[in-house]
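Residue strings, one per chain:
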Amino acid sequence: MASGNYDLEALRKQARGHLESLRRAGVEWLPAPAPAMLTLAQPVAAAPPATHADVPAPVTVVPAASGDVTVVPAASGELTIEQRRQALQLLATEISTCPRCAELASTRTQTVFGQGGPGVELCFIGEAPGADEDAQGLPFVGAAGQLLNKIIAACGLKREEVYICNILKCRPPGNRTPLPNEAANCRPFLDRQLELIRPRFICALGGCAAQNLLNSTVPLGKLRGRFHDYHGIPVLCTYHPAYLLPHRNPDKKRDVWEDMKMLLTRMGRPVPQR
Ligand code: URA
């Protein structure tokens with residue numbers, strides 16, 4: 001061990017290994033290290049030449065003393081769609097090894113980052129991956145996802161036209177509700193993800209998503225029916241698709257459709273007849 005709290009050479013090695021794994025994962029360029037990290041974040045010898053070396057870095061990968069890695073957001077306002085796409089890819093790779101919630105990190109099959117691309121009109125935010133999502137690495141692919149697909153189609157949209165993600169990127173064991181500290185650990189990732197996606201509208205699915213996104217303790221029933229604000233983005237809250245499944249509350253589908261009509265109208269889109 002070196003004289004400091006941690007072994008600098010071990011950290012360098014760890015950072016090199018991590019950067020190399022990013023390269024293998026398809027990250028095609030890397031930002032210059034922040035000045036304070038120059039002694040730690042050495043360039044990877046085997047990395048291919050940067051293809052966007054002259055553009056602003058969207059994300060800086062900083063090895064932290066704990067061995068964890070931290071995504072340091074850079075302003076994304078001036079980034080092109082392609083740069084935002086790459087920054088999202090980098091963020092997803094970062095999150096894939098996140099150790100912040102020890103229980104979730106040790107029980108997940110993989111993280112579930114999100115699906116879709118930057119610049120979409122609408123982003124749906126759910127609670128957390130379930131068993132199917134944990135197995136496939138994609139959000140809303142199980143029974144609730146099939147219902148979400150129907151909601152999206154009823155709105156006259158295609159799933160590829162929206163962005164879908166969750167408050168948590170890891171499956172809570174047994175599909176339990178995310179704990180407050182888990183939501184807090186994941187929050188910087190969600191905020192950065194939304195900053196890069198920059199949707200025009202957000203639809204929060206269920207009380208957990210709505211309350212966490214809006215930092216509110218108001219019950220979902222009282223959050224529905226009006227628009228809220230997330231950093232200037234209008235947010236509509238509705239029931240979670242899992243709540244609408246046949247064995248639960250299928251009659252609430254009518255309420256969800258009322259919410260979707262309100263959302264489509266605010267978006268300036270036609271409301272399809274049902
Ligand atoms: N429920 C959620 O909240 N998210 C998913 O991705 C799947 C089910």
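Report follows, based on the coordinates. Everything quoted here is computed from the prediction, not taken from an experiment.

The rules behind these values
Residues numbered from 1 in each chain as written. Predicted model: local features only at pLDDT ≥ 70, side-chain atom pairs only at ≥ 80, totals over all residues. Heavy atoms only, no water. Axes fitted to C-alpha atoms, helices over the stretch in contact; angles between N-to-C directions. Helix = DSSP H or I, 4+ residues; strand = E, 2+ residues; numbered from the N terminus. Parallel < 35°, antiparallel > 145°, perpendicular 65-115°, else oblique. Left-handed = near helix turned anticlockwise from the far one by under 90°. Contact = heavy atoms within 4.5 Å. Nonpolar A, V, L, I, M, F, W, Y, C, P; charged D, E, K, R; others polar. Pairing = 2+ DSSP bridges. Buried < 20%, exposed > 50% of the residue type's maximum accessible area, 1.4 Å probe, protein only. Near = heavy atom within 4 Å. Polar contact = N/O pair within 3.5 Å; in protein donor to acceptor, adjacent residues only side chain to side chain. Areas by Shrake-Rupley, 256 points an atom, 1.4 Å probe, with all protein chains shown as cover.

1. Some points on the packing of helix H2 (residues 81-95) against helix H6 (residues 180-197)
Orientation of H2 relative to H6, taken along the N-to-C sense of each, is 165°, at an axis distance of 9 Å. Classified by the interaxial angle, the pair formed by H2 and H6 is roughly antiparallel. Seen from above, H2 lies across H6 with left-handed handedness. Taking contact as the criterion, the partners of Arg-84, Ala-87, Leu-88, Leu-91 and Ile-95 in H2 are, on H6, Phe-189, Arg-192, Gln-193, Leu-196 and Ile-197. Considered class by class, the residues forming the contact of H2 with H6 number seven nonpolar, one polar and two charged.

2. Focus: the sheet that holds strand S6 (residues 228-230)
The strand order S4-S3-S5-S7-S6 describes an open sheet built from five strands, whose pairing is mixed. For this open sheet the edge positions go to strand S4 (163-166) and S6, each flanked by a neighbour on one side alone. The mean inter-strand angle of the sheet, taken between neighbouring strand axes irrespective of direction, is 30°. Bridge count for strand S5 (residues 201-205) against strand S7 (residues 233-238) is four bridges, and the pairing is parallel.

3. Quick look at the pairing of S4
Burial of the side chains of S4 extends over both faces: Tyr-163 and Cys-165 are buried on one face and Ile-164 and Asn-166 on the other. Of the pairings in the sheet, the one linking strand S3 (residues 122-126) to S4 comprises four bridges and is parallel in character. Considered in S4, the bridge of Cys-123 is made with Tyr-163.

4. Here we look at the site of the ligand
The ligand sits among Gly-126, Glu-127, Ala-128, Glu-133, Pro-139, Phe-140, Asn-166 and His-240. Take Ala-128: an N or O atom from its main chain is 3.0 Å from a nitrogen atom of the ligand. In the model, an oxygen atom of the ligand is placed 2.8 Å from a nitrogen or oxygen of the His-240 side chain. Relative to its unbound accessible surface of 240 Å², the ligand loses 91% to contact with the protein. Looking at side-chain class alone, the shell around the ligand contains three nonpolar, three polar and two charged residues.

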